[in-house]
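One-letter residues, chain by chain:
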Amino acid sequence: MYAIGIDVSKGKSTVAIISTNGKILVKPFEVIHNNKGVKEFLEQMEKYPKEEVKFLMEATSHYHYPILQPLIDKNYWVCVENALTIKKYCDTDLRKVKNDKKDAIKIANYLAEKWYKLRKFEKQENIRNELLFLSREYSKIISVRTKLKIQLGELLDKTFPGIKTIINAENRCELLLNIYEKYWNPSLVLEKKQDEFVEDIDKIAKKLGHKVGKTIGIRIYELAPTVITSRPNNYITQSAITNCIQLLRQAIEASTSIITEMNKLSRELKEFEVVKEMKGVGEKTCSRLIAEIGDVRRFKNANSLIAFCGIDTPPYQSGSFSASQRHITKRGNRNLRKVGYEVMKNLKASKPQKDNAVYEYIVKKENEGKNKAVAKIAGLNKFLRIYYARVKEVYE
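Calculation rules
- Residues numbered from 1 in each chain as written.
- Predicted model: local features only at pLDDT ≥ 70, side-chain atom pairs only at ≥ 80, totals over all residues.
- Heavy atoms only, no water.
- Helix = DSSP H or I, 4+ residues; strand = E, 2+ residues; numbered from the N terminus.
- Rg over C-alpha atoms; globule rule 2.2 N^0.38 Å.
- Buried < 20%, exposed > 50% of the residue type's maximum accessible area, 1.4 Å probe, protein only.
- Core = buried A, V, L, I, M, F, W, Y, C linked by side-chain atoms within 4.5 Å.
- Contact = heavy atoms within 4.5 Å.
- Pairing = 2+ DSSP bridges.
- Right-handed = clockwise from strand over helix to strand, strands pointing away.
- Axes fitted to C-alpha atoms, helices over the stretch in contact; angles between N-to-C directions.
- Parallel < 35°, antiparallel > 145°, perpendicular 65-115°, else oblique.
- Left-handed = near helix turned anticlockwise from the far one by under 90°.
- Salt bridge = Lys/Arg side-chain N within 4 Å of Asp/Glu carboxyl O.
- Polar contact = N/O pair within 3.5 Å; in protein donor to acceptor, adjacent residues only side chain to side chain.
- Disulfide = S-S within 2.5 Å.
- Expected span 1.5 Å × (residues − 1).

As for the overall build of the chain
The number of helices and strands found in the chain is 17 helices and seven strands. Since a compact globule built from 396 residues should have a radius of gyration of about 21 Å, the 28 Å found for the chain marks it as more spread out than a globular shape. Principal-axis analysis of the C-alpha atoms places the extent of the chain at approximately 90 × 50 × 45 Å. By the burial criterion, 43% of the 396 residues in the chain qualify as buried.

A word on the nonpolar core
Core analysis: the biggest nonpolar cluster contains 42 residues, and Leu289, Ile293, Phe383, Leu384 and Tyr387 have the highest contact counts within it. Tallying contributions element by element places helix α17 (residues 372–394) first for this core, with eight residues. Discounting residues that sit within four places of it in the chain, Phe383 has contacts with Met278, Lys279, Val281, Leu289, Val343, Met344 and Val358. Of all hydrophobic cores here, the second largest spans 32 residues; its members include Tyr183, Val189, Ile220 and Ile245.

Examining the pairing of strand β5 (residues 77–81)
Most of β5 sits out of view: four of its five residues are buried. Bridge count for strand β4 (residues 53–58) against β5 is five bridges, and the pairing is parallel. Counterpart to Leu56 in the pairing with β5 is Cys79. You can see the chain leave β4, run along helix α2 (residues 65–73) and come back into β5, and the turn it takes is right-handed.

Some points on the packing of helix α16 (residues 357–367) against α17
Viewed as axis vectors pointing N to C, α16 and α17 meet at an angle of 150°, and their least axial separation amounts to 8 Å. Relative to α17, α16 is oriented roughly antiparallel. Read as a crossing pair, α16 and α17 show a hand that is right-handed. Counted together, Ala357, Val358, Tyr361, Ile362, Lys365 and Glu366 of α16 and Lys372, Ala375, Lys376, Ala378, Gly379, Lys382, Phe383 and Ile386 of α17 form the full contact between these two elements.

Focus: the pattern of salt bridges
Under the criterion given, the structure shown has 13 salt bridges. The closest approach of N and O atoms between Asp200 and Lys182, which form a salt bridge, is 2.8 Å. On the criterion of sequence distance, the pair formed by Asp200 in helix α9 (residues 194–207) and Lys182 in helix α7 (residues 173–182) is long-range, its members being 18 residues apart. You can call Asp200 buried: its relative accessible area is 14%. The exposure class assigned to Lys182 is partly exposed, which follows from its relative accessible area of 42%. The shortest N-O distance in the salt bridge between Glu366 and Lys348 comes to 3.4 Å. Note that Glu366 is positioned in helix α16 and Lys348 in helix α15 (residues 334–350), a separation of 18 residues in sequence.

Let's talk about the sheet that holds strand β3 (residues 24–32)
In any sheet, the strands associate via hydrogen bonds between backbone groups, in a parallel or an antiparallel arrangement. A sheet is described by the order of its strands in space; here five strands give the open sequence β3-β2-β1-β4-β5, paired in mixed fashion. Looking at strand neighbours, the two that pair on one side only are β3 and β5, the edges of this open sheet. Here the average twist between neighbouring strands, direction ignored, is 20°. Bridge analysis of strand β1 (residues 2–9) against strand β2 (residues 12–19) gives eight bridges, and the strand direction is antiparallel. Considered in β2, the bridge of Gly5 is made with Ala16. Set on the sheet, helix α1 (residues 35–45) makes contact with β1, β2, β3 and β4; between it and β3 the angle comes to about 160°. Each of β1, β2, β3, β4 and β5 is contacted by helix α4 (residues 100–113), which is oriented at about 140° to β1, the strand it contacts most.

Considerations on the environment of Trp184
Turning to its location among the elements, Trp184 is positioned in the loop between α7 and α8 (186–190). Residues contacting Trp184, with those up to four places away along its chain left out, are Thr159, Phe160, Pro232, Asn233, Asn234, Thr237, Gln238 and Ile241.

A few points about the side chain of Arg128
Structurally, the position occupied by Arg128 is in helix α5 (residues 126–159). According to the relative accessible area criterion, Arg128 is buried, its value standing at 2%. One polar contact links Arg128 to Glu271, side chain to side chain, over a distance of 2.8 Å. In terms of polar contacts, Arg128 uses its side chain to reach the side chain of Tyr395, at 2.9 Å. Beyond its immediate stretch of four places on either side in the chain, Arg128 contacts Leu269, Glu271, Ile290, Gly294, Asp295 and Tyr395.

With respect to the state of the cysteines
Structurally, a disulfide amounts to a covalent bond that connects the sulfur atoms of two cysteines. Under the counting rule described, the total for this entry stands at zero disulfides. Considering cysteine sulfurs only, Cys286 is the nearest to Cys309, which forms no disulfide, with 16 Å between them.

A short note on α17
The α-helix winds at 3.6 residues per turn, so residues separated by three or four positions along the chain end up facing the same way. End to end, α17 covers 33 Å across 23 residues, agreeing with the expected 33 Å (1.5 Å per residue, within 8%). Among the residues making up α17, those that are buried are Ala375, Lys376, Ile377, Ala378, Gly379, Leu380, Asn381, Phe383, Leu384, Tyr387, Tyr388 and Val391. In this fold, the buried residues of α17 make contact with α12 (272–276), α13 (283–293), α14 (302–309), α15 and α16. Of the residues flanking the start of α17, the one acting as N-cap is Asn371, its side-chain oxygen 2.7 Å from the backbone nitrogen of Ala373.

Encoded structure:
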């Protein structure tokens, strides 16, 4: 039997081949992540009987895909193990040596020791792979969008403080952008008569489907003479504002487009309607939940899903001491934790009228004196257990 450990890096991998009794058969060598390098590697592997070979590599973001995919296409047995698990195994050595060749040998040794316990990597359906890719792209876009909103907020405070408070609401972002883009300085407001200005704001609002244009216009006109700005009314300031607004619009459009595409894909999966009906799950969170969790059938039980999310609290006991209050591990899918927490916020805000076990559990924890964030994480734990049971039932 041949245990092949692969230490993955950006652009290359280091491979070690040992027998299951720990004997190094081939000196560790590098594989460049290009067509030539991978082809030569696969040709080298042909000398070993396929049924006697197993491969093990760490899950390293997207860096392991260039070597993982060709191995799967050749029908090799491959395991992709959690990087933290392998790190803990490697850290057991008394003399800690860190380089790619040593790491590849350690990974191979781990495979040899766990030969019958490790699970074969199961290629997810293409839809799930696409969903996960889009979910990660959405997270990046949201990160950019958040930074741009902060930047816009700083510009508002410098050029027209107070206007955001008048316009701001969850569904009025585009209205704020349109008004601020045109009237980014109080002097631009005061150049017009009040009736003329209010009528213009009302037109802008009605184009976006808002009926509060006149009220907002009056309040902005009353605010304008009282404002003290820290940026002059000049081309440089206007240019900075225009650029920020354009980038923010692009980010909003991109995130909306990604969610639309994710919803189209996720509707083809059996669990979509089940997840959509769960309280707290909205249009923007349904597909992201499905994407980040993946196929629940790969989890042994609900506890495994909770550990995957990183909100489990492992016991800590030694002798007569047993810790009663433990923090969540946060060793899991942080994107799932984020979208899960968002679902809990939505659920708490919606206050479902009918009996809802998750909502009632959150309220119960808050009444016990728990911090609101802690209560929501406790609710997420319960939510994932219900998710696991309902979605698994769909596939049975």
